[in-house]
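Structure assessment
One-letter residues, chain by chain:
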Amino acid sequence: MSNSKSSLAVPSVISDFKEITKMRLSLSVVFSSLAGYLLGVEVIDIKVLVLLALGGYFMVGASNAFNQIIERDLDALMDRTKNRPIPSGRMSVNTAFIIATIFTLSGIVILYTINKQTAMFGAISIFLYTCVYTPLKTKTPLAVFVGAIPGAIPFMLGWVAATDDFGIEPGTLFALQFFWQFPHFWAIGWFLFDDYKKGGFFMLPTGKQDKGTAVQTIMYTIWTVIVSVIPVFGFTGKLQLSIIAAIIVFCLGLGMLHYAVRLFREMTTKAARQLMLISVLYITLVQIVYVIDKFIQ
C-alpha cells in the first residue's frame, strides 16, 4: 500500500512543481529569450544558449512562485486558481518559498556567468513582477502597465546576452513585446473578468468590459504592429528586417488587429478568448519570422 501511495505521490509532486513555476508560461518566455539571442549573436555559442534557457526559466519560475505565495488567499477565491498547489493545501508556503528562493539565486548566478547586464535585467524583471506588479493588481488597472515591463524583458534579454550591450536593437525588441502585452492581457482580463472580480483584481483599463477597454485594446494592437515593422526602415542598427519579412509580420499584425476589432464589435467572452489565443500565436510567429529572416539575408 505504501509503495502504491509513493508511486502516486511522485507524479503529483512533479505536477505541483510545474504548476508553482508555471512551466508552460516559463517555457514560452525562454523561447522569447532564445529568439532575442539568435537575433543578436554573430556566432552561436551553445553554452550561452543553454545558460540563457536555464537562467531564464529559473527567473520566470521564481517570479511565478513568489506571485502564488503572495496571492495564495486570493487564488483560493477564484475558480481558475483555487486548485493551485498552495491554496489547495498540496504545497506549504515554506516549500514554495524555498523553491522561489533557490530559483532566484540560481537564475541570477547563471545569467551572471553570461554577462553582468543580463543578470541585472533578469533581477529587475523578478523584482518588478513580484514586488510591484503583483501588489498593484488589486489596487489599479495600471498594474498591467507595470507588468508589461518584466513581460517585455525576455525578448530584449536574449540580445543583451548575445552582445553584452543595450542599445536601439534590444530597445526595439522590448518595445514590440511591451505593446503586445496590453491586448494580450486585456483579452485575458476580459474573458476571466468575473473570476478576477472574485479575487479583487483590476485588469481592464476602464475596470469594465466596455467599449473603452475594447478601443484601447485596438490602439495598443496598432502600436504593436507599427513597432514590429520599424526594423525594415533601417533605423534600428543591426536589427534589420527584409521587405518580404516586414510584409509577413505586417500581415500577422493585421490578423491580430482583426480579432481586436472583433472584440470591439461583439463585446463577448468568446471574442476575447479568441484574441488571447491569436495574440500568443502572433508573437510566436513574429519572433520566428525575425530569426529566420536574419539567417537567410
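Let us look at the structure shown here. Everything numeric in this text was worked out from a predicted model, so none of it was measured. (Residues numbered from 1 in each chain as written. Predicted model: local features only at pLDDT ≥ 70, side-chain atom pairs only at ≥ 80, totals over all residues. Heavy atoms only, no water.)

Comments concerning the overall build of the protein chain
As a reminder, the rule being used: Going along the chain from the N terminus, every DSSP run of H or I of four or more residues is numbered as a helix, and every run of E of two or more is numbered as a strand. Two things to know: the radius of gyration comes from C-alpha atoms, and the globule rule equals 2.2 Å times the number of residues to the power 0.38. Buried, partly exposed and exposed residues are distinguished by accessible area as a fraction of the type maximum, computed with a 1.4 Å probe on protein chains only: under 20%, between the cut-offs, and over 50%, respectively. Should any heavy atoms of two residues lie within 4.5 Å, those residues are considered in contact. Here, Shrake-Rupley sampling with a 1.4 Å probe gives the accessible areas, and only protein chains in the shown set may cover a residue. In this count, Lys and Arg are taken as positive residues and Asp and Glu as negative ones, while His and the chain termini are left out. Charge positions are represented by NZ for Lys, CZ for Arg, CG for Asp and CD for Glu.
Counting secondary structure elements, the protein chain contains twelve helices and zero strands. Listed by position from the N terminus, the elements making up the protein chain come as α-α-α-α-α-α-α-α-α-α-α-α. Taken over C-alpha atoms, the radius of gyration comes to 20 Å for the protein chain, in line with the 19 Å a tight globule of 297 residues would show. Principal-axis analysis of the C-alpha atoms places the extent of the protein chain at approximately 65 × 50 × 35 Å. The buried share of the protein chain, taken over its 297 residues, is 48%. Here the contacts in the protein chain between residues at least 6 apart in sequence split such that 73% fall between residues at least 24 apart. Accessible area of the protein chain: about 14100 Å², with a carbon and sulfur share of 69%. Across the protein chain, 23 positive and 16 negative side-chain charges occur, with their mean positions spaced 6 Å apart.

Here we look at unusual backbone geometry
In this model, lysine 22 sits at a positive phi of 50 degrees, which is unusual for a non-glycine residue. Mapping lysine 22 onto the fold places it in the loop between helix 1 (2-20) and helix 2 (23-40). Classification of lysine 22 by relative accessible area gives partly exposed; the value is 22%. Although it is not a glycine, aspartate 164 adopts a positive phi angle of roughly 55 degrees. The residue aspartate 164 is located in the loop between helix 7 (143-163) and helix 8 (168-191) in this model. A residue is classified by how much of its surface remains accessible, and aspartate 164, at 40% relative accessible area, is partly exposed.

Some details on the environment of lysine 294
For the record, the criterion: Under the rule applied, a polar contact is a pair of N or O atoms within 3.5 Å (in protein, one hydrogen donor and one hydrogen acceptor; residues adjacent in sequence only if both atoms are side-chain atoms).
Residue position: lysine 294 is located in helix 12 (residues 269-296). Counting along the chain gives 194 residues from lysine 294 to alanine 100, while the straight-line C-alpha distance between them is 36 Å. Discounting chain neighbours no more than four positions away, the residues touching lysine 294 are Leu38, Leu39, Gly40 and Val41. At 3.2 Å, the side chain of lysine 294 forms a polar contact with the backbone oxygen of leucine 39.

Things to note about the side chain of serine 228
Here serine 228 is to be found in helix 10 (residues 211-229). Residue class for serine 228 comes out buried when judged on its relative accessible area of 0%.

Description of the packing of aromatic side chains
Keep this limit in mind: Pairing of aromatic side chains here covers Phe, Tyr and the six-membered ring of Trp, requires ring centres within 6.5 Å, and sorts the geometry by plane angle: under 30 degrees stacked, over 60 edge-to-face, intermediate tilted. Consider the ring centre and the ring normal. A charge sits over the ring if Lys NZ or Arg CZ is within 6 Å of that centre and within 35 degrees of that normal.
Taken as a whole, this structure holds 18 aromatic pairs when the rule is applied. Ring-pair connections join several aromatic residues into one group, and the members of that group are Phe145, Phe174, Phe178, Phe179, Phe182, Trp186, Tyr220 and Trp223. In this structure, lysine 211 packs its charged tip against the face of phenylalanine 264, placed 4.0 Å from the ring centre.

What to know about the pattern of salt bridges
Put simply, the rule is: Salt bridge criterion: a side-chain nitrogen from Lys or Arg within 4 Å of a carboxyl oxygen from Asp or Glu.
Evaluation of the coordinates by the stated rule reveals nine salt bridges. The residue aspartate 79 makes a salt bridge to lysine 198 at a minimum N-O spacing of 2.9 Å. One end of the pair, aspartate 79, is in the loop between helix 4 (72-75) and helix 5 (93-114); the other, lysine 198, is in helix 9 (residues 193-199), and 119 residues separate them in sequence. Its relative accessible area of 42% is what places lysine 198 among the partly exposed residues. The partner of glutamate 266 in a salt bridge is arginine 262, with the nearest N and O atoms 3.8 Å apart. Taken together, the residues glutamate 266 and arginine 262, both in helix 11 (residues 243-266) and four residues apart, mark about one turn of the helix. Residue glutamate 266 is classed as partly exposed on the basis of its relative accessible area, which comes to 42%.

Description of the packing of helix 3 (residues 46-70) against helix 5
Heads up, the rule is: The axes are straight lines fitted to the C-alpha atoms, using for helices just the contacting stretch, and the angles between their N-to-C directions are given from 0 to 180°. Each angle is binned into one of four classes, with values under 35 degrees roughly parallel, values over 145 roughly antiparallel, values of 65 to 115 roughly perpendicular, and all other values oblique. Crossing handedness: left-handed means the near helix sits turned counterclockwise from the far one by under a right angle, and right-handed means the same turn made clockwise. For this classification, Asp, Glu, Lys and Arg are treated as charged, while Ala, Val, Leu, Ile, Met, Phe, Trp, Tyr, Cys and Pro are nonpolar and the rest, including Gly, are polar.
Between helix 3 and helix 5, the shortest axis-to-axis distance is 7 Å and the interhelical angle comes to 150 degrees. Classified by the interaxial angle, the pair formed by helix 3 and helix 5 is roughly antiparallel. Seen along the crossing, helix 3 lies across helix 5 with a hand that is left-handed. Of the residues assigned to the contact of helix 3 with helix 5, the class counts are 20 nonpolar, eight polar and no charged.

Describing helix 10
Counted only if it meets this: The span you would expect from a helix comes to 1.5 Å times its residue count less one.
Look at helix 10: 28 Å from first C-alpha to last across 19 residues, which is about the 27 Å you get at 1.5 Å a residue. Among the residues of helix 10, those classed as buried are Thr213, Ala214, Thr217, Ile218, Thr221, Thr224, Val225, Val227, Ser228 and Val229.

Points about the nonpolar core
Stated precisely, the cut-off is as follows: By convention a nonpolar core is built from buried Ala, Val, Leu, Ile, Met, Phe, Trp, Tyr and Cys residues, the set being connected through side-chain atoms within 4.5 Å.
Counting 84 residues, the largest nonpolar core has Leu39, Leu176 and Tyr290 as its most contacted members. Among residues more than four places away in sequence, those in contact with leucine 176 are Phe155, Thr224, Val227, Ser228, Tyr282, Ile283, Val286 and Tyr290.

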